[in-house]
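Each chain, letter by letter, is given below.
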Amino acid sequence: MSNRAEMLVQPIRRTKERKSSWSGLKWKARLNDSMIGAILPVMIVMVWQLAGKLGLISTFFLPTPAMILESFKEMILSGELAVNLSISIQRAAAGFAIGGSLGLLFGLLVGFSRKAEHTLDPSFQMLRMVPHLALAPLIILWFGFGETSKVFIIANGAFFPMYINTFAGIRSVDNRLFDVAGVLEFSRFKQITRLILPAALPNILLGVRLSLAVSWLGLVVAELIGSQSGIGFLINIGKQNSTTEVIFVGVLIFAIVGKLFDSFVRLLERRWLHWRDSYKG
Amino acid sequence: MSTLLDIRQLSKTFHSGKGSVSALQNINLAVKEGEFITVIGPSGCGKSTLLKIVAGLDVEYDGSVKLNDRDVTGPGIEKGFIFQEPRLFPWLTVEKNIAADLSLHKPEIRKKVDELIELVRLKGFEKSYPRELSGGMAQRVAIARALLRNPKVLLLDEPFGALDAFTRAHMQEVLLDIWQQNKTTMIFVTHDIDEAVFLANRIVILKPRPGTVQKIVPVELLFPRKKSSAAFQELRFKVIGEFEKIEELELVDNGAGI
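Predicted model only: the values in this text are computed from it and were never measured. (Residues numbered from 1 in each chain as written. Chains lettered and ligands numbered in written order. Predicted model: local features only at pLDDT ≥ 70, side-chain atom pairs only at ≥ 80, totals over all residues. Heavy atoms only, no water.)

## Points about the sheet that holds strand E10 (residues 212-218) of chain B
All names here are of chain B. The test is simple: Strand pairing is defined by DSSP finding a minimum of two bridges between the two strands. Here a helix means four or more residues in a row that DSSP labels H or I, a strand means two or more in a row labelled E, and each is numbered from the N terminus. Lines are fitted to the C-alpha atoms to define the axes, a helix being fitted only along its stretch in contact, and any angle between axes, read from their N-to-C directions, falls within 0 to 180 degrees. In this analysis, two residues are considered to be in contact whenever any of their non-hydrogen atoms come within 4.5 Å of each other.
Taken in spatial order, the six strands of this open sheet run E6-E7-E8-E3-E9-E10, and their pairing is mixed. Pairing within the sheet leaves two strands with one partner each, and these edge strands are strand E6 (79-82) and E10. Recorded for the sheet is a direction-independent mean angle of 20 degrees between the axes of neighbouring strands. When strand E3 (residues 36-40) meets strand E9 (residues 202-207), the two strands line up parallel, connected through four bridges. Along E9, the bridge assignment pairs Val39 with Val204. Contacting E6 and strand E7 (153-157), helix H4 (residues 135-148) crosses the sheet at an angle of about 170 degrees to E6.

This is the structure:
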């Protein structure tokens, strides 16, 4: 009898041991992964620099990486970059906070109540289809060129991914687990906190990721249409002064900071959703 | 021992667009406290439906189902239910799955959870996640989760049906162990004759279309039972004999229909 129990238990133990010994090599493996990811960009940059140096491409339209780096350094030293970046981040954060939390709130409401779904969802779906840029002139007409309209444009974009994913997350909870909650006599409150929210968390985090991305993208729209500060403003200045390097620095900043935000949410995903048993490639 | 569960004149009809199908008809069964009942029958005999009604998961029926003289009106912790699949919460560890909506920070819950982990032989796996468990282990977590609530009756719906033969035999012994230690009344639905004879004080044999009780066979073998013993085999043949009667009846019915 006990022998049989051992037999059932052992294979699992073995995989556990393997995992723990593997964790010692984890950082090495991770470093390896990121190095593989760096090969392509590094090669492109090298070819690019070489082509610029050899005069194969016009450095006016496509400045070499070294030139971009130089201008990057200047902007850091003059403090110009830090000021504008912090303003941009504040705008994106404010827009994301407002749009994202409203999206979460309405997503929860519509997810939990069929009545709310029937009253609100069709309107939201209609509004979702209106592009940012189509709304921008109207928003500027209403709120002027100030901060309000910028935050509004960003919040408007951030709302929808959060709303849709929260809603979908709540509605995708396994019905069979509701039977379990019934048999275990979960209160309505526990049903929400112990069943629905954890089950919907993967979708909610996906909503956060997409919503952050849209906020960051919306920032460009908001800052390119009349603004006196921010990364989008720097790009505009670069266009007016024909300093292509500055445009490139702006684009790079958008890419790097955006990726950092995304990596942060993915870190949260890994920490909170490690229980998921899905294909990891 | 007093009667814990009293089922009288229970009938259940499924209505659909095409018409209605009688799933259960005039079921009468009284289950004593501490008894181990197995319910067996060919597929479509309504054995799962019967269990769902007792659990309160299905409340549209005719007749009466009383637990401790009170009508069953909905699901609840006094009627522990083990589904065919373990149905654990994938985001919770083993111990948190057992506690579910209760807090492990409460000393009395902590203590009972630890005892149950011992009882279902999962020591060392308290912090494991469901994806790390085998099917048999996951089902043992589900059993511990139901037992933590001190159910008056544990209802098991083909709980070992998806397990391989060795694991299934092991789980049957674990379940008997739990039953003997906790004295929990068990109603166990299965389609496996060996399993039904091995576990039961009484075997309820259902026949299909409509689901009615064909026979109730008492099993007076002492525990621990040996599946190879002559007495066990004799009972097994008796149950198989009842099944053959059901088949003959069905053949006659079909013949008359042609």
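## Details of helix H9 (residues 188-224) of chain A
Note the threshold: Working definition for bend: take the seven residues up to and ending at a residue and the seven starting at it, fit an axis to each, and measure the angle between the axes.
The largest bend along H9(A) measures about 50 degrees and falls at A:Leu201, with the proline A:Pro202 one to four residues further on. At the C-terminal side of H9(A), A:Gly226 shows a positive phi close to 55 degrees.

## Here we look at the packing of aromatic side chains
Where two aromatic rings form a pair, the distance of their centres and the angle of their planes describe that pair. The following threshold applies: Classification of ring pairs rests on two measures: the distance between centres of Phe, Tyr or Trp rings, Trp counted by its six-membered ring, which must be within 6.5 Å, and the angle between planes, read as stacked under 30 degrees, edge-to-face over 60 and tilted in between. Each residue is assigned to one of three classes by its accessible area relative to the maximum for its type, calculated with a 1.4 Å probe on protein chains only: buried under 20%, partly exposed between the two thresholds, exposed over 50%. A positively charged side chain is recorded as over a ring if its NZ (Lys) or CZ (Arg) lies within 6 Å of the ring centre. The angle to the ring normal must also be within 35 degrees.
Scanning the entire structure with this criterion turns up 22 aromatic pairs over all chains. Summarising the aromatic geometry, the rings of A:Phe60 and A:Phe61 are spaced 5.0 Å apart at their centres and angled 75 degrees between planes, so their arrangement reads as edge-to-face. By relative accessible area, which is 43% here, A:Phe60 ends up partly exposed. Ring centres of A:Tyr163 and A:Phe167 lie 6.2 Å apart, and the angle between their planes is 35 degrees; this geometry places the pair in the tilted category. Placement of the pair is A:Tyr163 and A:Phe167 together in helix H7 (residues 147-171), with a separation of four residues, close to one helical turn. Overall, A:Tyr163 belongs to the buried group, its relative accessible area being 1%. Ring pairing ties together the aromatic residues A:Phe106, A:Phe124, A:Phe159, A:Phe160, A:Tyr163 and A:Phe167, which thus form one cluster. B:Arg225 extends its terminal NZ or CZ atom over the ring of B:Phe223, reaching a point 4.0 Å from the ring centre.

## Considering the domain arrangement of chain A
Residue and element names in this part refer to chain A. The criterion, for reference: For each domain, the first and last residues come from an automatic or database assignment. Summed over both partners, the accessible surface that disappears when two parts come together, traced with a 1.4 Å probe, is what is meant by buried area. Each salt bridge in this description consists of a side-chain nitrogen of Lys or Arg and a carboxyl oxygen of Asp or Glu lying within 4 Å of one another. Think of a polar contact as two N or O atoms within 3.5 Å of one another; within protein, one of them needs to be a possible hydrogen donor and the other a possible acceptor, and neighboring residues in sequence only count if both atoms come from side chains.
As far as domains go, chain A holds domain 1 (1-57) and domain 2 (63-272). Between domain 1 and domain 2, the C-alpha centre-to-centre distance is 30 Å. Facing six residues of domain 1, the contacting portion of domain 2 comprises seven residues. Considering only the side of domain 1, the residues that lose the most area to domain 2 are Arg30, Trp48 and Gln49, jointly responsible for 83% of the buried surface there. Counting every contact that joins domain 1 to domain 2 gives zero salt bridges. Counting across the domain 1 and domain 2 interface gives two residue pairs in polar contact (both at pLDDT 80 or more).

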